[in-house]
Amino acid sequence: MKRNRLIAAIIAVLVSGTLLTGCKSTDVKYPKGTKTYTFTDDYGREVEVKKNIKTIVGSGPNTQMILCTVATDMLVGLNAAPTTEQEKYYPEDFVDMPTLGQFYGSKASLNIENLIKASPDIIIDIGEKKEDGASDMDEIQSKTGIATVFLETSLDSYDSMYKKLGKLLGRSEQADRLAAYCKETSDMADKAAAKVSKKNRKSVYFGVSTTGLNANVEGSIQADVIEKIGARNAIHTDEEVNGMDGGNPVDGEAVNKANPDVIVFGPDSPYDTVHKDGQWKEIPAIKKNHYYETPGEPYSWMSSPPSVNQILGIRWLGKLVYPDLYHNDIRKDTKEFYKLFYHYNLSDGELNKMLMKSYGK
């Protein structure tokens, strides 16, 4: 998202007269005697932060997901409230927290007043670097007087991000466990991908929406898992890549022409009807039953949002596309991931339901 959407969100609050005043400097304000140190974030910004951070908020749903894997109990505000289906993966009091909105994206809706009332020790943004991102962090910090930092991560660097986050929040023990899991998964994928020659790379179509005809095309962050496992995206576009979860519109003819080896749908897809749908049923991957629906609880393993769930997506999609190269047990992996990242023990019944459309026919 361009910076002007973030600034527009701030201006909207200023105009309404709800923004508290008194924090006009980018310097963070702490009570006298507060122990602090200088933290250098991944934009290179030097920010004075508390040595013993107790309360936090994130910049948006992606960051919120990551913070929940390390420090759910430290959150004092949500960027987006969980749905009824997602609630079981979080503490009971989680749903009662104030909703603050998010910094970026088409749903940018930051509520500065509620953010200040929540009074976190720190505001954290996690993700890919953004144009003018450093200025955005300065802007929020200036308007709130709250330390605001950015941690960079991508599908290949969750391990290093988690280590930084653990040190920042004083939660290194949990964060290091997550870092190790991410590193092990990334290394597994890299080792498998190295064994696949360019001409033998299988192609994957990743379609989202209820029609399945919005493609997360080559170059979109939502489709990063495809290339990570050593496959190639079946759909390339010369048009601008839609970096949001809606994908780029295509039609059945384009999918048929691409002739993907594997078709992956997002949650709430046409999975149940494609075998008898005219625009789908003649596609070889459909005829061969090489189509699947991505699990989506509490969030998709591929995108929506493209966050740490993609780590499990690597293990899942790798096993589907290259079963001879990925020797992991996806049932075991799924239970382990939910226990480690969501602190949730999946029952066999829940696991069976989760994998019903996504693992074998």
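Everything that follows concerns the structure shown earlier in this document.
Computed from a predicted model, the values in this text were never measured in an experiment.

Rules and cut-offs
- Residues numbered from 1 in each chain as written.
- Predicted model: local features only at pLDDT ≥ 70, side-chain atom pairs only at ≥ 80, totals over all residues.
- Heavy atoms only, no water.
- Helix = DSSP H or I, 4+ residues; strand = E, 2+ residues; numbered from the N terminus.
- Rg over C-alpha atoms; globule rule 2.2 N^0.38 Å.
- Buried < 20%, exposed > 50% of the residue type's maximum accessible area, 1.4 Å probe, protein only.
- Lys, Arg positive; Asp, Glu negative; His and termini not counted.
- Charge placed at Lys NZ, Arg CZ, Asp CG, Glu CD.
- Arc of directions from axis to C-beta.
- Contact = heavy atoms within 4.5 Å.
- Phe/Tyr/Trp six-rings, centres within 6.5 Å; stacked < 30°, edge-to-face > 60°.
- Axes fitted to C-alpha atoms, helices over the stretch in contact; angles between N-to-C directions.
- Parallel < 35°, antiparallel > 145°, perpendicular 65-115°, else oblique.
- Nonpolar A, V, L, I, M, F, W, Y, C, P; charged D, E, K, R; others polar.

### Side note on the overall build of the protein
In step 1: When its secondary structure is counted, the protein shows twelve helices and eleven strands.
In step 2: Over its C-alpha atoms the protein spans a radius of gyration of 21 Å, differing by no more than 12% from the 21 Å that the globule rule assigns to 361 residues.
In step 3: Counting across all 361 residues of the protein, residues that qualify as buried make up 51%.
In step 4: When the 45 positive and 50 negative side-chain charges of the protein are each reduced to one mean point, those points stand 3 Å apart.

### A short note on unusual backbone geometry
In step 1: Across the junction of Glu297 and Pro298, the peptide omega takes the value -15 degrees, indicating a cis bond.
In step 2: Mapped onto the elements, Pro298 comes out in the loop between β11 (291-293) and α10 (309-321).
In step 3: Here the phi dihedral of Asp132 falls at roughly 65 degrees; this positive angle occurs in a residue that is not glycine.
In step 4: With respect to the element layout, Asp132 can be found in the loop between β4 (122-127) and α4 (133-144).
In step 5: Of note in this structure, Asn259 is not a glycine but carries a positive phi near 45 degrees.
In step 6: In this fold, Asn259 is placed in the loop between α8 (252-258) and β10 (262-265).

### Observations regarding helix α12 (residues 348-355)
In step 1: For α12, every residue scored as buried is listed here: Leu351, Met354 and Leu355. Each buried residue of α12 lies within a common arc of 85 degrees when the element is viewed along its axis, so the set occupies one face.
In step 2: Looking at the packing, one finds that the buried side of α12 touches α11 (330-342).

### Structural notes on the packing of aromatic side chains
In step 1: For the coordinates displayed, the defined rule picks out 16 aromatic pairs.
In step 2: Ring centres of Tyr89 and Tyr342 lie 6.0 Å apart, and the angle between their planes is 55 degrees; on these two criteria the pair is classed as tilted. Residue Tyr89 is located in the loop between α2 (61-71) and α3 (112-118), and its partner Tyr342 is located in helix α11; the two are separated by 253 residues in the primary sequence.
In step 3: Owing to a relative accessible area of 4%, Tyr89 belongs among the buried residues under this scheme.
In step 4: Both rings, one in Tyr338 and one in Tyr342, keep their centres 5.4 Å apart while their planes meet at 40 degrees; by these two values the pair is tilted. One end of the pair is Tyr338 and the other is Tyr342, both in helix α11 and four residues apart, which spans about a single turn.

### Describing the packing of helix α5 (residues 158-169) against helix α6 (residues 172-193)
In step 1: Across the interface, α5 lies against α6 with an axial gap of 8 Å and an inter-helix angle of 180 degrees. Comparing the axis directions of α5 and α6 gives the class roughly antiparallel. Along the contact surface, α5 presents Tyr158, Asp159, Tyr162, Lys163, Gly166 and Lys167, while α6 presents Ser172, Ala175, Asp176, Leu178, Ala179, Cys182 and Lys183.
In step 2: Residue classes in the contact of α5 with α6 are distributed as six nonpolar, two polar and five charged.

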